[in-house]
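Summary of structural features
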Amino acid sequence: MDVDLLRPGMIPIAPNTKLWFEFLIEPSLLEEHLNKSHADPSATELLIKFLYSSMERPKDLPLIDIDDLMDNSRIDKKIEYRKRKKYECLKILAMKIVSFWEWDLNIFQTKVPISLQIIFVQDLLDLVSNGLNLIDFESHSSIEDLSQLKDEQVFAIALFHRWTLTVIINYTLSKKSSFNLGPVQDGNEDVLLKLEMQSELSEKMLLRLLDLKRSSYTIPTINTFDPPDELNPLSCHWFKGLTVSSAEFLSQIMYDYAKYKFFKAQYEEAGIYFKKCKELNINLTPSSFHKIKLEELNGFYAACSSEITENSSLLMQFLYSTQTNHNAGILKILEIDNQVMEIPMFLRDSLELDLASMLSLGKFTASRDMLLHIHTMNAIRRASVTSGEIVLLPPEDYVTKIKFNLRGPEIFLKDLKLCTQIKDKKFRKNIKMFVCNVLLKCPKNLVKDILKDGHEEINELLGDVDIHKLLASPEDIPTVNIDMSKRLDRLKITQINNINVQKVLLKNKISIEYDSSNLRNLLQQLHKMDVDPMFSILDINYEWQVPLPLQSLLIGLPNGLFKFLVIILIAKSKEMIKLNDFERAKLLLREAETETKINNNIMYSKIRQLISWEGLYTEMLQFQYEFKNFAIGDLVERCKQCLEFVQSDNLIPRQEIAEQCVLTLLNVGEWEYLTKRHYNCFKLPLAIAYTCLDVNKFKGTKKSAKEVWDLILPVFDYGYSATNKRPLDGDPQCTQNRVLSQNDIMRVFLSLRDQNAIQIVLSLLAKIQNVLRDESAMELIMPFLNIWPVVPNSMNIPLRNITEVLGIVLTESLKYHPNHIILLKLKGDLQYVMGHYSSAMKWYLEAIVIVSDYFARPVLKPMIEDYVYKRMMKCCMQMQNFTQAAILCLFQEEIDYATAFKCASETNSCDALDEYYDYIWDISLLEFLIYWHTKLNHQEHRQKLLKTIGALELNANNNEEIKREAANIRKLKFLRALSQQYVHP
């Protein structure tokens, strides 16, 4: 390895190995290393290591939190220690690496964790401040005259605000694609939320920077930064930077600003700045700082542009006509495309289907002939691309459309005439085959009408011989009539009435159809068949369900198209909800709600209101199912409006809908609103909301959760009679002296998505389990355990029942919060007390993976406590992995040498034994192992241990920093090895 970073004292050290401080002594060494084709470690690894090391606080100071880095009121005090010379050296090395990347934000954002990105951009602002306190980015807007700033200050401010906007874009896209915004961290979303709050400030600052009038700007390079030494302080030679033109510098700002506006769907403004950026790049001679890809720029500009001319591509004209211009000029575009074949066929098919749908729903007004024109041109286009022996027949219903349209033959011939002008032999052959197939399917009188004298194009295309054959073809294909009555009598099968057959077929089609216009047509046909007055549309499919309030109103209406269509749309929406296809369910409900607008009387208004609440219910279920990926919009306000009707004397929503409204508000943190409401039947979610509010107010120091406790505890007590239990959504006048059922509380628990609410419920269940188990060594550990009252001795609660419920709720919570460290540790605790030791190790290590950024930085003590390592050690002992257990003893604050020595001396260990010796950093344990293997005459193990203990970084005379670094490196390697065994076996 060429660079052994921040790890002095390793044995053996290669002659060409460079230690980190050598880059400070000889700055050119860093550039020389980075210019190597396969530098090891890479520039990314070096940058991450430098930034992490620059964040390591002295032992006398508390750890820094990422939230503090985003809080300008606390940032100065929190990072004051980083003004020391050692940390300034590391910051300068980081600056040199990013300048080596030529300030490419794309590389920076994809390879560096976001917490380190924040540190870096703040370091850059601090470096150029020169008394202006630029590190407080909110103060940027108070700078009255940006033209008075130096080039390096303008550059740093521009880079910071460009970074703010682009990181928001990239992070959002990373959740929808394989793009990754640096290593995944649990706090990324909170940081991005704060960045989005300041995005408006960044937009304004970038626009102000675009108004600057300078001929050129100086961009820092790797030679700009000089690290401090014993004699000289930190210095930056800004004059050694790269000089770029004003056009190049401003175009980069315009490009990032326009991309953000494009991302926010503000296409008009984005198009303005993409156009300006494009104009600046026309005569630009780009330097290495220029990171704009002209293909991307042209693509963005074309996507935003509303200026469609005859010179625009046919595809752009087609998209503009269909999306923004109400299909104006579409026939001319399709006519040209039949010759050049530029527009993809799927877009043309989509146009045909969309137009047919809009015409049937009355959403678009156009001549019916227009649809037949498009149908004909698409059929011709398909025929023209037929290859080889394959003949693509026209659609089955195409001939029918020609036959039943008065101008059908005329339209067919008109559109065909445009194609006969093309002289390509293959094209004409394919068109000829298409025309023949159409005519063979047409009635004889229609064929004669099309082939009558005067249509020169047809005569020229087909020829006299083919025309004669078509006219001489038989009038109809003969059919054979077979009398099946005797055969049916012989088989004792009665003939089915033709009407009943048609009814069965129609009902089958209705069962599988989900398009409202097609359903309307099918129901019209069914209704014309003199349906039985007692017929219920729900009898078609006994799986269909309609909510009782809606069913009561709709059943009272006379049988008819409106009643049947609305019932079916609602039933099919419920069917889609079961399949978690919420978008289609909402679409079906919107169609049903639209149907009710045909009449404004009270009955229809009530039905419309109930359907509206069903749509809200569907959206709330979608929010619960998708959670973090769901855009809330006005959902909260609609939930509050729905709850206002719960206690009204008029129309009220279903209990399930009202309950889901309460749960949704609980999950979005509207606790204060809920605590001001009183609903007898929703006491559990309201009590959880009150506890969340109280816990956040008193930080979990006050025993204030008695209401939730009193509701939950009786559910698991077998001493209560089953008759006392009632469903949560039962009688709205439910009394207070009856308890919930276990199904009720599980429905509420499994609907929780808010982290605070989940922790409160899990802490309650963990508290009950700890009391019932009554073993201090087997307690479940998590926050808020101290807020719960004492379990009465008279309670008869089975431990197994509590454990099962806790496991189910915890598993469901981890689906939506997979990186939540407290939940991961609790899962490990639960597996530990149940005796599933390998599974417990898996969950403990997953928590460590998140805390350490996949073992990229040391594990923080406040996040992973000593009890976790102690339980991991006991798990290893139970599985007879004694070497692993011995090393885990070293992770505790006060090392348990007695257990470590006992485990190390075990001879029947099932783990890798001496393969783990390289991970040991404790001299006492190494000396004991040397003594033990010498005693047992294990010479090979003894020699390996002597080599390990002889490493320079383990020398007892080393300073504390070297010892700590050596220990951290070995800890992370050991944890990585355990992760490969237990997490990714």
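Residues numbered from 1 in each chain as written. Predicted model: local features only at pLDDT ≥ 70, side-chain atom pairs only at ≥ 80, totals over all residues. Heavy atoms only, no water.

Considerations on the overall build of the chain
A count of helices and strands for the chain gives 46 helices and six strands. Out of the 985 residues in the chain, the part that is buried amounts to 51%. Sequence separation of at least 24 residues holds for 68% of the intrachain contacts in the chain that already meet a minimum separation of 6. (Helix = DSSP H or I, 4+ residues; strand = E, 2+ residues; numbered from the N terminus. Buried < 20%, exposed > 50% of the residue type's maximum accessible area, 1.4 Å probe, protein only. Contact = heavy atoms within 4.5 Å.)

Considering the nonpolar core
Core analysis: the largest hydrophobic core is formed by 169 residues, its most contacted members being Leu684, Ile688 and Met872. If one sorts the elements of this core by residue count, helix α28 (residues 561-578) sits on top with 11 residues. (Core = buried A, V, L, I, M, F, W, Y, C linked by side-chain atoms within 4.5 Å.)

Some thoughts on unusual backbone geometry
Positive phi, close to 50°, is recorded for Phe627, a residue that is not glycine. With respect to the element layout, Phe627 can be found in the loop between α30 (602-626) and α31 (635-643). The phi dihedral of Phe784 falls on the positive side, at around 70°, and the residue is not glycine. Tracing the chain through its elements places Phe784 in the loop between α37 (755-773) and α38 (799-816).

Examining the packing of α31 against helix α32 (residues 655-667)
In the contact formed by α31 and α32, the axes pass within 9 Å of each other and the chain directions differ by 135°. Overall, the two elements α31 and α32 adopt an arrangement that is oblique. Along this stretch, α31 crosses α32, giving a crossing that reads as left-handed. Here Leu635, Val636, Cys639, Lys640, Cys642 and Leu643 of α31 lie close against α32, whose contacting residues are Ile657, Ala658, Cys661, Val662, Thr664 and Leu665. Taken together, the residues of the contact of α31 with α32 sort by class into 10 nonpolar, one polar and one charged. (Axes fitted to C-alpha atoms, helices over the stretch in contact; angles between N-to-C directions. Parallel < 35°, antiparallel > 145°, perpendicular 65-115°, else oblique. Left-handed = near helix turned anticlockwise from the far one by under 90°. Nonpolar A, V, L, I, M, F, W, Y, C, P; charged D, E, K, R; others polar.)

A few points about the packing of helix α44 (residues 923-935) against helix α45 (residues 939-949)
Between α44 and α45, the shortest axis-to-axis distance is 9 Å and the interhelical angle comes to 160°. Judged by the angle between their axes, α44 and α45 are roughly antiparallel. When you trace α44 past α45, the crossing you get is left-handed. Of α45, the residues touching α44 (which contributes Ile923, Leu926, Glu927, Leu929, Ile930, His933 and Thr934) are His941, Arg942, Leu945, Leu946, Thr948 and Ile949. Classifying every residue of the contact of α44 with α45 by side-chain character gives seven nonpolar, four polar and two charged.

What to know about the pattern of salt bridges
Close approach of charged atoms allows side chains with opposite charge to pair. Under the criterion given, the structure shown has 31 salt bridges. Note that Glu812 is salt-bridged to Lys815, the shortest N-O span being 3.3 Å. Of this pair, Glu812 and Lys815 both sit in helix α38, separated by three residues, roughly a single helical turn. Looking at Glu812, the relative accessible area reads 18%, which means it is buried. On the basis of relative accessible area, Lys815 is assigned to the exposed category, the value being 57%. Residues joined in a network through salt bridges with shared partners are Lys574, Glu614, Arg654 and Glu656. (Salt bridge = Lys/Arg side-chain N within 4 Å of Asp/Glu carboxyl O.)

What to know about the side chain of Lys261
Relative to the helices and strands, Lys261 resides in helix α12 (residues 246-263). For Lys261, the side chain forms a polar contact with the side chain of Gln266, separated by 2.8 Å. (Polar contact = N/O pair within 3.5 Å; in protein donor to acceptor, adjacent residues only side chain to side chain.)

Remarks on the environment of Thr596
Relative to the assigned elements, Thr596 resides in the loop between α29 (582-595) and α30. With a relative accessible area of 0%, Thr596 lands in the buried category. Through-space distance from the C-alpha of Thr596 to that of Ile611 is 9.3 Å; in sequence the pair is 15 residues apart. Those residues within four positions of Thr596 in sequence are excluded, and the remaining contacts are Phe562, Tyr604, Ile607, Arg608 and Ile611.

Remarks on the packing of aromatic side chains
Going through the model one piece at a time under the given rule, you end up with 33 aromatic pairs. Aromatic pair Phe225 and Trp238: ring centres 5.9 Å apart, planes at 85°, arrangement edge-to-face. Taken together, the residues span a long stretch of sequence, with Phe225 in strand β2 (residues 225-226) and Trp238 in the loop between β3 (235-236) and β4 (242-245) at a distance of 13 residues. Among the residues examined, Trp238 registers a relative accessible area of 18% and is labelled buried. Summarising the aromatic geometry, the rings of Tyr255 and Phe300 are spaced 6.3 Å apart at their centres and angled 70° between planes, so their arrangement reads as edge-to-face. (Phe/Tyr/Trp six-rings, centres within 6.5 Å; stacked < 30°, edge-to-face > 60°.)

Here's the deal with the confidence of the model for the chain
Taken over all residues, the pLDDT of the chain has a mean of 79, while the share at 70 or more is 79%. Segment residues 387-393 is flagged for pLDDT under 50; beyond a separation of four residues in sequence, or across chains, it makes six contacts in the model. Throughout residues 490-496 the model reports pLDDT below 50, and contacts reaching past four residues in sequence, or to other chains, amount to three contacts. (pLDDT = per-residue confidence, 0-100.)

A few points about the environment of Ile219
When you line up the elements, Ile219 lands in strand β1 (residues 216-219). The class of Ile219 is buried, set by a relative accessible area of 2%.

Some thoughts on the state of the cysteines
In total, this model carries zero disulfides according to the counting rule given. Between Cys876, a cysteine without a disulfide, and Cys875, which holds the nearest cysteine sulfur, the sulfur-to-sulfur distance is 6.8 Å. (Disulfide = S-S within 2.5 Å.)

Quick word on helix α11 (residues 199-210)
An ideal rise of 1.5 Å per residue puts 16 Å on 12 residues; α11 measures up with 17 Å between its terminal C-alpha atoms. Looking only at α11, the buried set comprises Ser199, Leu201, Ser202, Glu203, Met205, Leu206, Leu209 and Leu210. (Expected span 1.5 Å × (residues − 1).)

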